[in-house]
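Spelled out from the first residue to the last, the chains are:
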Amino acid sequence: MTREQKTKLLLHVCCAPCATVPVVRLSSRFDLVLYWYGPNIHPQAEHDRRLEEVRRLAKIKNLQIIEEPYTPEHWEQAVGPYLHQPESSFKERCQTCYHLRMEYTARKSRELGFDWFTTTLSLSRHKNSKILEGIGQQVASDHGLKYCNESFKKAAGEALSVELSKKYGLYRQDYCGCRLSLAEAEQRRRKKSY
Ligand code: SF4
């Protein structure tokens, strides 16, 4: 099948290392376009650094990237009621954050006339694939789209991501993205150093 004959899919990218495996695994079936929307990421310097790495990956893999501007107020507004919760796929804080990013991905898919979308989020072992699937299917149904449900962490996905990130010299951050996860990571580091 030629590139022109493949179905278009909009791939929401949370960061370059998490995108490495989905790009490899989906490319044979879909004509991928990367979608950058990171209102959760704090501070802006970190957002810009992660975006720059995604741009680099897009260039390496010869993929188009669509970029949204930095809008942390989207995340603050959506997650505001749940700021007291810890990082967890089973809490509204993270579920709302997943939903926000998938909602924007679905809206952009419709705007572009793409039937399919998905997200790189399922690569992380910290993110529950079933929860992501539920949110993805719901968002897809709300917009009359199809959600490509694939758990990228399966089949040693994380190890492959580490390997590919090393190969491409990609920056790998040590916290999920939001200001709360940054504080949680700092707390973990402090505990380890005692
Ligand atoms: S920990 Fe990650 S998924 Fe959870 S709210 Fe923060 S950025 Fe979003």
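The structure we're discussing is the one just above.
Residues numbered from 1 in each chain as written. Predicted model: local features only at pLDDT ≥ 70, side-chain atom pairs only at ≥ 80, totals over all residues.

## Re the overall build of the protein chain
Along its length, the protein chain carries seven helices and five strands. Reading the helices (α) and strands (β) of the protein chain from amino to carboxyl end gives β-α-β-α-β-α-α-β-α-β-α-α. The C-alpha atoms of the protein chain give a radius of gyration of 16 Å, which matches the 16 Å a tight globule of 194 residues would have. Principal axes of the C-alpha set define a box for the protein chain whose edges measure 55 × 40 × 30 Å. Across the 194 residues that make up the protein chain, the buried fraction comes to 39%. (Helix = DSSP H or I, 4+ residues; strand = E, 2+ residues; numbered from the N terminus. Rg over C-alpha atoms; globule rule 2.2 N^0.38 Å. Buried ≥ 20, exposed ≤ 12 C-beta atoms within 10 Å, placed from the backbone.)

## Some words on the packing of helix H1 (residues 16-26) against helix H2 (residues 44-60)
The interhelical angle for the contact between H1 and H2, taken along N-to-C directions, is 30°, at an axis separation of 9 Å. On the basis of the axis angle, H1 is roughly parallel to H2. Where H1 crosses over H2, the handedness of that crossing is right-handed. Residue-level contacts link Ala16, Ala19 and Thr20 of H1 to Arg50, Glu53, Val54, Arg56 and Leu57 of H2. Residues belonging to the contact of H1 with H2 are distributed by class as follows: four nonpolar, one polar and three charged. (Axes fitted to C-alpha atoms, helices over the stretch in contact; angles between N-to-C directions. Parallel < 35°, antiparallel > 145°, perpendicular 65-115°, else oblique. Left-handed = near helix turned anticlockwise from the far one by under 90°. Contact = placed C-beta atoms within 7 Å. Nonpolar A, V, L, I, M, F, W, Y, C, P; charged D, E, K, R; others polar.)

## Some points on the site of the ligand
Surrounding the ligand, one finds Asn40, Val79, Glu87, Arg93, Cys94, Cys97, Cys176, Gly177, Cys178, Leu180 and Ser181. Of all the secondary-structure elements, those providing two or more residues to the shell around the ligand are helix H4 (92-112) and helix H7 (179-193). Broken down by element, the shell around the ligand gets its largest block of residues, three residues, from H4. Here the residues of the shell around the ligand are counted per class, giving six nonpolar, three polar and two charged. (Near = placed C-beta within 6 Å.)

## Concerning the packing of helix H3 (residues 72-79) against H4
Between H3 and H4, the shortest axis-to-axis distance is 9 Å and the interhelical angle comes to 135°. Our classification of the angle between H3 and H4 gives oblique. Considering only the axes of H3 and H4, their crossing is right-handed. On the side of H3, the interface is formed by His74, Trp75, Ala78 and Val79, while H4 contributes Arg93, Thr96, Cys97 and Leu100. Grouping the constituent residues of the contact of H3 with H4 by class yields five nonpolar, two polar and one charged.

Read these as layout, nothing more, since geometry by itself doesn't imply function.
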